[in-house]
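What follows is the residue order along each chain.
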Amino acid sequence: MEDCGKRSGDDTQKSKQDETERAELHEEDFHLKILKDICCELLSNMLQELTKENILEGLNQGHLNEQTCSCAFQNLLPLYFTSVESFLEVLREADQTLADNLEKRFPSLKVHT
C-alpha cells in the first residue's frame, strides 16, 4: 500500500517536471523564432546592399556558393522575395551559372526580362 502512495506522488512530481520542461522548450522555441526573424530581416537588408564587387569577393573567398545561397533563400522566401530577387539580379552579373542554378532550385524566382 505504501508503495502505491509513493508511486502516485512520484507520477505527480514527474508530470509537473514534464510540464515545466515543455514550457521551457516552448519559451526557447519562441525566443529562437524571434532570433531567426531578426536574422532574416538583417540578411535581407544586407542582400539588397551587396554590389557586384562584393558578390565577386564573396565567391572568390568561398563565402558565397550554391549551398549557402540556397540555405539563405529557404529561410528568406517568400517573406523577403524582393530582397532575394534583387540579390539574384546582381548575382547574375557576377556568376550567371550560379544564378541559373538557384533559379532552377527556386522556380518562383524566375527573373522576368
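Residues numbered from 1 in each chain as written. Predicted model: local features only at pLDDT ≥ 70, side-chain atom pairs only at ≥ 80, totals over all residues. Heavy atoms only, no water.

**Student:** How would you sum up the overall build of the protein chain? Please name residues and give values.
**Tutor:** Regarding its fold elements, the protein chain presents five helices and zero strands. N-terminal to C-terminal, the α/β element order of the protein chain is α-α-α-α-α. Scored against the burial criterion, the 113 residues of the protein chain give a buried share of 26%. (Helix = DSSP H or I, 4+ residues; strand = E, 2+ residues; numbered from the N terminus. Buried < 20%, exposed > 50% of the residue type's maximum accessible area, 1.4 Å probe, protein only.)

**Student:** Tell me about the pattern of salt bridges, and please be specific about residues and values.
**Tutor:** In the structure shown here, the tally under the stated rule is four salt bridges. For the salt bridge of Glu-66 with Arg-105, the shortest nitrogen-to-oxygen distance reads 3.6 Å. One end of the pair, Glu-66, is in helix 3 (residues 66-76); the other, Arg-105, is in helix 5 (residues 96-105), with 39 residues separating them in the sequence. Linking Glu-103 and Arg-92 is a salt bridge whose minimum nitrogen-to-oxygen distance equals 2.8 Å. Of this pair, Glu-103 sits in helix 5 while Arg-92 sits in helix 4 (residues 81-94), and the two are 11 residues apart along the sequence. Overlapping salt bridges, with partners in common, bring together Arg-92, Asp-100 and Glu-103 in one network. (Salt bridge = Lys/Arg side-chain N within 4 Å of Asp/Glu carboxyl O.)

**Student:** Account for unusual backbone geometry, with residues named and values stated.
**Tutor:** The bulk of non-glycine residues show a negative phi, and the bulk of peptide bonds are trans. A cis geometry characterises the amide bond from Leu-77 onward to Pro-78, with omega recorded as 0°. Looking at the element boundaries, Pro-78 is found in the loop between helix 3 and helix 4.

**Student:** I'd like to hear about the packing of aromatic side chains, residue by residue, with values.
**Tutor:** Tallied over the full model, the rule gives two aromatic pairs. For the ring pair Phe-73 and Phe-87, a centre distance of 6.1 Å and an interplane angle of 85° mean the geometry is edge-to-face. Of the two residues, Phe-73 sits in helix 3 while Phe-87 sits in helix 4, which places them 14 residues apart along the sequence. Judged by relative accessible area, which is 1%, Phe-73 ranks as buried. By relative accessible area, Phe-87 is classed as buried at 1%. Relative to Phe-106, the ring of Phe-73 lies with its centre 5.5 Å away and its plane at 70°, an arrangement referred to as edge-to-face. (Phe/Tyr/Trp six-rings, centres within 6.5 Å; stacked < 30°, edge-to-face > 60°.)

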